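Secondary and tertiary structure notes
In case you want the letters, here they are:
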Amino acid sequence: MRRVYADHAATTRVHPEVAQAMLQALNEDFGNPSSLHAYGRSGRKAVEMAREQVAVLIGARPAELFFTSGGTEADNWALRGVAWANRARGNHIITTAVEHHAVLDCADALEREGFSVTRLPVAPGTGYVDPAAVVAALRPETILVSVMLVNNEIGTVMDVGAVCAAVKAAAPGVVVHTDAVQAVGSMPVNVHDLGVDLLSLSAHKIYGPKGVGALYVRKGFRFTGLLQGGGQERRLRPGTENVPGIIGFGKAAELARRELAGRIEHARTLRDRFARGVLAQIPGVTVNGPDPFTAGDHRQPGNLNICVENVFAETMLLRLDMKGVACSAGSACTAGATEPSHVVLAVGVPTELAHTSLRFSFGQANTEDDIDYLLAVFPEVVRSLRAMSPSYTGGEA
């Protein structure tokens, strides 16, 4: 049976060069980077080289980059680091209704701790947030705005640069954060072009290892760490560094920078071919998020999120898995949830239809043959499931 991995938004396979660099680190650069002897100095040199590799990918200086355990920690640190450090100045946070749960759940927790949170709605269908709406939500006590760069479920690319410019023009002291976990490595990202103060990213979305990420922190505003216990990461993120993971992250960032244009074109070509085939062969399919054929740079190149009328997503996932196909229903971080995607609901999809949403996300592992296989088995899966449903009255898949 052929196997097709179409879930690159959930995680990517570690690049062979990344795995090789990590293996070398496990065998040779095993010293604690805080130790003064040769083994420790070797580990420290490797960590700092990786810091530079990741920083270059996003146009930052190495001193502005702090390693974390992943995107979730980076998001939590961004929100809590600003909130706790600036509580005497204000307690209001602005975000959107379609953020990753790492931001939304952290905002919920901060709200329980006495902060005020505004969750802005997004444009129906596309999921864009209006910079003017962000400015209109500002208050004298606003301390932080957090707007993601690419939505992890429907692929919408937010105009974070415009949001940041509008916020800074209206309230220069407000800190702006963006969750760029789904953006870095799939589109050009430069912190200075965006103008943001904080940016979260993660290794396993760019063919690096799981369990390591980073937070970009621009100098010039009040910010604090979450942990205590040592002097690592300039005392803001103490704890012995995950040296093999960080080295893998650095190598993955180097490869992403070198191969970015080709990766974008490859993912977009396969995604568009699959989208055209699905829309032509399966009736009752709608695309969530910007139109992949006209959105250009406003949709993540490998992302296709669709609703398939009258077929539950979980049922399709199981049938596709039996055919060797891996995709997802919404975010991998909410796998097993019985509620429909909060993102799909936020863009105006009715609840019943939202239960039918699937996300296919393509990357370097995919080929034209994969798309041929998907277009052979997916319509068959939908057709067979609809045939079992007495309520379906649409055309044949």
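The structure this text deals with has already been given above.
Let me sum up the structure you'll find in this document. This one's a predicted model, so the numbers in the text were calculated from it and none came from an experiment.

Quick word on the sheet that holds strand β12 (residues 357-361)
- Taking strand neighbours across the sheet as the criterion, the three strands line up as β9-β10-β12 in an open arrangement whose pairing is antiparallel. Single-partner strands in this sheet number two, and they are β9 (285-288) and β12. The average angle at which neighbouring strand axes cross in this sheet is 30 degrees, direction not considered.
- As defined by bridge partners, β9 adjoins strand β10 (residues 303-308) across four bridges and the pair is classed as antiparallel. Considered in β10, the bridge of V285 is made with V308.
- Each of β10 and β12 is contacted by helix α12 (residues 368-387), which is oriented at about 20 degrees to β10, the strand it contacts most.

Quick look at the nonpolar core
- Core analysis: the largest hydrophobic core is formed by 65 residues, its most contacted members being I58, F67, V145, V189, L199 and F249.
- Excluding residues within four positions of it along the chain, F249 makes contact with V54, F67, L201, S202, A203, I206, P209, V212, G213 and A214.
- Formed by 29 residues, the second largest nonpolar core is a distinct cluster that contains V285, F360, I371 and V382.

Brief notes about the sheet that holds strand β2 (residues 65-68)
- The strand order across the open sheet formed by seven strands is β2-β8-β7-β6-β5-β3-β4, and the pairing between neighbours is mixed. A strand with exactly one partner marks an edge of an open sheet, and here the two such strands are β2 and β4 (116-120). Here the strands of the sheet are splayed against their neighbours by 20 degrees on average, with no regard to which way each runs.
- Both strand β3 (residues 92-96) and strand β5 (residues 142-146) contribute to a ladder of three bridges, which runs parallel. Counterpart to H92 in the pairing with β5 is T142.
- Here helix α2 (residues 38-57) sits on the sheet in contact with β2 and β7 (198-202), set at roughly 110 degrees to β2.
- Against the sheet, helix α6 (residues 160-170) contacts β5 and β6 (175-179), and its axis sits at roughly 170 degrees relative to β6.

So, the side chain of S361
- Secondary-structure assignment places S361 in strand β12.
- Given the relative accessible area of 3%, S361 is considered buried.
- Beyond its immediate chain neighbours, meaning those up to four positions away, S361 contacts A6, D7, H8, A9, G302 and N366.

Here's the deal with empty space enclosed by the protein
- Applying the stated criterion across every chain, the model contains one cavity of 30 Å³ or more.
- Each pocket or cavity is described by its volume, and for the largest cavity that value is around 280 Å³.
- Forming the walls of the largest cavity are 25 residues, and the residues nearest its centre are H8, S186, K205, Q300 and F362.
- Looking at which element gives the most residues to the lining of the largest cavity, the answer is helix α8 (residues 243-281), with three residues.
- Looking at the lining of the largest cavity, its residues break down into ten nonpolar, 13 polar and two charged.

Some words on the packing of α2 against α8
- Two elements in contact, α2 and α8, have axes whose closest approach is 8 Å; the angle formed by their N-to-C orientations is 35 degrees. Here α2 and α8 pass one another in a crossing that is left-handed. Listed contacts from α8 to G43, A46, V47, A50, Q53, V54, V56 and L57 of α2 are V243, I246, I247, F249, G250, K251, A253, E254, A256 and R257.
- Class assignment for the residues of the contact of α2 with α8 results in twelve nonpolar, three polar and three charged.

Conventions adopted
Residues numbered from 1 in each chain as written. Predicted model: local features only at pLDDT ≥ 70, side-chain atom pairs only at ≥ 80, totals over all residues. Heavy atoms only, no water. Pairing = 2+ DSSP bridges. Helix = DSSP H or I, 4+ residues; strand = E, 2+ residues; numbered from the N terminus. Axes fitted to C-alpha atoms, helices over the stretch in contact; angles between N-to-C directions. Contact = heavy atoms within 4.5 Å. Core = buried A, V, L, I, M, F, W, Y, C linked by side-chain atoms within 4.5 Å. Buried < 20%, exposed > 50% of the residue type's maximum accessible area, 1.4 Å probe, protein only. 1 Å grid on protein atoms, 1.4 Å probe; cavity = no way out; pocket = protein on both sides within 12 Å on 5 of 7 lines; lining within 4 Å. Points joined across faces, edges and corners; volume = space filled by probe spheres on them. Nonpolar A, V, L, I, M, F, W, Y, C, P; charged D, E, K, R; others polar. Left-handed = near helix turned anticlockwise from the far one by under 90°.

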